[in-house]
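Tertiary structure, described
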Amino acid sequence: GWLLRGAHRSAWPFGNAAMIARLTTLDPVRIKPLSEASQREGFRFLERLCEEWANGTNRFEQSGEALFGVCVGGGLLGVGGINRLNEFTGRLRHFYLLPSHRRRGWGRRLLHHILSYAAEHFRCVVLRTDTDAADRFYRACGFTRIQDSCNATHRIELVRAEPGAPSSPKTSELGIVMGGMHLV
């Protein structure tokens, strides 16, 4: 299938044949339904994703960067990526899930997958949003609002346990505090 040609080996399956996979190519035909749906909601960031990918300005190729997709069968239901701001900070970019597939846990799973990947490279992740619904979603997932930044509205600290620390159900070598829970 189309996804496997552009998917990284870190695919994470869940639910009825749905999976989260790293996208190393961006097929305009496959992302078109997401882009059109986002535009109907008044967003342009998926259109920008396609433009930036096509002209090479952002293909998520720097150290620590990646673009992931939620896929079912041949369809792409959602995307989200992480870009490098600096040595310690990643920025969540182009995070979108089709409206018909929201409130089913897929957005939270995609976000967790992206943050788990980011924790291997960064100490924190920031993002920018301007909708109340997204603000509620990100705060429910453990992000806090940033008051004094013109480039970001939310931030989350990524937790990495000390090597050799005893493990428990709530800790691992790599984890994220999300929505009050330590996820691994």
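Residues numbered from 1 in each chain as written. Predicted model: local features only at pLDDT ≥ 70, side-chain atom pairs only at ≥ 80, totals over all residues. Heavy atoms only, no water.

Side note on the pairing of strand 4 (residues 75-84)
Stated precisely, the cut-off is as follows: Burial status follows relative accessibility: with a 1.4 Å probe on protein chains alone, a residue under 20% of its type maximum counts as buried, one over 50% as exposed, and anything between as partly exposed. Helix numbering and strand numbering both begin at the N terminus, where a helix is a DSSP run of H or I of at least 4 residues and a strand a DSSP run of E of at least 2. Strands are labelled as partners when DSSP assigns at least two bridges between them.
Where burial is concerned, most of strand 4 is hidden: eight out of the 10 residues are buried. When strand 3 (residues 66-72) meets strand 4, the two strands line up antiparallel, connected through seven bridges. Opposite C71, over in strand 4, you have L76 as the bridge partner. The antiparallel pairing of strand 3 with strand 4 creates a hairpin that spans two residues between the two strands, and G73 there sits at a positive phi of about 60°. In the sheet, strand 4 pairs with strand 5 (residues 89-97) via six bridges, with the strands oriented antiparallel. Along strand 5, the bridge assignment pairs V79 with Y96.

Quick look at helix 3 (residues 45-55)
Inclusion rule: Throughout, the arc means that of the directions going from the helix axis to the C-beta atoms. Whether two residues touch is decided by their heavy atoms; if any such pair falls within 4.5 Å, the residues are in contact.
Among the residues making up helix 3, those that are buried are F45, L46, L49, E52 and W53. In an axial view of helix 3, the angular spread of the buried residues amounts to 120°, which keeps them on one side of the axis. Those residues of helix 3 that are exposed and angled more than 90 degrees off the buried face are A54 and N55. Where helix 3 is buried, its residues meet helix 2 (28-40), strand 3, strand 4 and strand 5. G56, located one to two residues past helix 3, shows a positive phi value of around 85°.

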